[in-house]
Amino acid sequence: MEYLSLLPHTPPMRLVEEVVSVEPGQQAVCRRLTRADDFYFQGHFPGQPVVPAIVLIELLAQTGGLAAGTPRPGEPHQPRALRVAAVDGFRFPAGCGADVVLEAQARVVGRMGGLFKIEGTVTADGVLVARGSLTLADVPSR
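The model shown is predicted, which means the values in this text are computed figures rather than measured ones.

A. Local environment of the overall build of the protein chain. A count of helices and strands for the protein chain gives one helix and six strands. Reading the secondary structure of the protein chain in the N-to-C direction produces β-β-α-β-β-β-β. On C-alpha atoms alone, the protein chain measures out to a radius of gyration of 15 Å, which is about the 14 Å that the 2.2 N^0.38 rule sets for 142 residues. Dimensions of the protein chain along its principal axes, counting C-alpha atoms only, are 50 × 30 × 30 Å. Counting over 142 residues, the protein chain shows a buried share of 40%. Here the analysis covers contacts within the protein chain between residues at least 6 apart in sequence; of these, 62% occur between residues at least 24 apart.

As C-alpha cells, this is what we get:
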C-alpha cells in the first residue's frame, strides 16, 4: 500500500517523508530528514535554526492519521479527512535543528465515533524532542 497517498497533505505541509511501519488502527512510525532549507526554519531562528514545536506536533498528527486512517486488511478503503481537534500535555525536552532524522511514533489509544486519541513521541537522531497526545476528528467532506 502507498501510505503517503492516504495523507491529504502535499508538500511542503506533508511532513512525513518515509513510512517505517503501520499497524492499521493501532500504530505507525514515520520519519523526516530536516534540511536547512525547510520552510519552517525561515526566521526560526536566524543563525541557529530550531524545528518549531508545532511542526513536531504536526508530524506526530500525520503519523497518527496514518495509524488511525489506514484500512485494516480486507476492510474497504474509506478515505478519512482527519483533522487535529485537540492537543494535550505536550512536552519538548530538547530542541533540534537541520540535518537530523525526526522519527514519530504514534499509537491509537482510544476511539469514540469519529474521534481518535493519539499518543506518541518524536525523536531527533534518537533524542526525545516531543511527547504528548492529540485528538484527531474525522471531518465529513463538503
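B. Representation of the side chain of Thr70 within the structure. Relative to the helices and strands, Thr70 resides in the loop between α1 (53-69) and β3 (82-91). Classification of Thr70 by relative accessible area gives buried; the value is 4%. At 2.5 Å, the side chain of Thr70 forms a polar contact with the backbone oxygen of Leu66.

C. Up close: the environment of Glu18. Structurally, the position occupied by Glu18 is in strand β1 (residues 18-23). Given the relative accessible area of 38%, Glu18 is considered partly exposed. Sequence separation between Glu18 and Gly120 is 102 residues, and the spatial gap between their C-alpha atoms is 17 Å. Excluding residues within four positions of it along the chain, Glu18 makes contact with Val29, Cys30 and Arg31.

D. A look at the packing of aromatic side chains. All told, the structure shown has three aromatic pairs when counted by the stated rule. For the ring pair Phe39 and Tyr40, a centre distance of 5.2 Å and an interplane angle of 75° mean the geometry is edge-to-face. By relative accessible area, which is 34% here, Phe39 ends up partly exposed.

E. Fine view of the sheet that holds strand β6 (residues 127-138). Reading across the sheet, the six strands line up as β1-β2-β4-β5-β6-β3 and stay open at both edges, with antiparallel pairing between neighbours. In this open sheet, the two strands that pair with only one neighbour each are β1 and β3. Across the sheet, the axes of successive neighbouring strands diverge by a mean angle of 20°, strand direction being ignored. The sheet contact formed by strand β5 (residues 115-124) and β6 spans ten bridges and is antiparallel. Bridging from a neighbouring strand, Phe116 pairs with Leu136 of β6.

Reading the values: rules and limits
- Residues numbered from 1 in each chain as written.
- Predicted model: local features only at pLDDT ≥ 70, side-chain atom pairs only at ≥ 80, totals over all residues.
- Heavy atoms only, no water.
- Helix = DSSP H or I, 4+ residues; strand = E, 2+ residues; numbered from the N terminus.
- Rg over C-alpha atoms; globule rule 2.2 N^0.38 Å.
- Buried < 20%, exposed > 50% of the residue type's maximum accessible area, 1.4 Å probe, protein only.
- Contact = heavy atoms within 4.5 Å.
- Polar contact = N/O pair within 3.5 Å; in protein donor to acceptor, adjacent residues only side chain to side chain.
- Phe/Tyr/Trp six-rings, centres within 6.5 Å; stacked < 30°, edge-to-face > 60°.
- Pairing = 2+ DSSP bridges.
- Axes fitted to C-alpha atoms, helices over the stretch in contact; angles between N-to-C directions.

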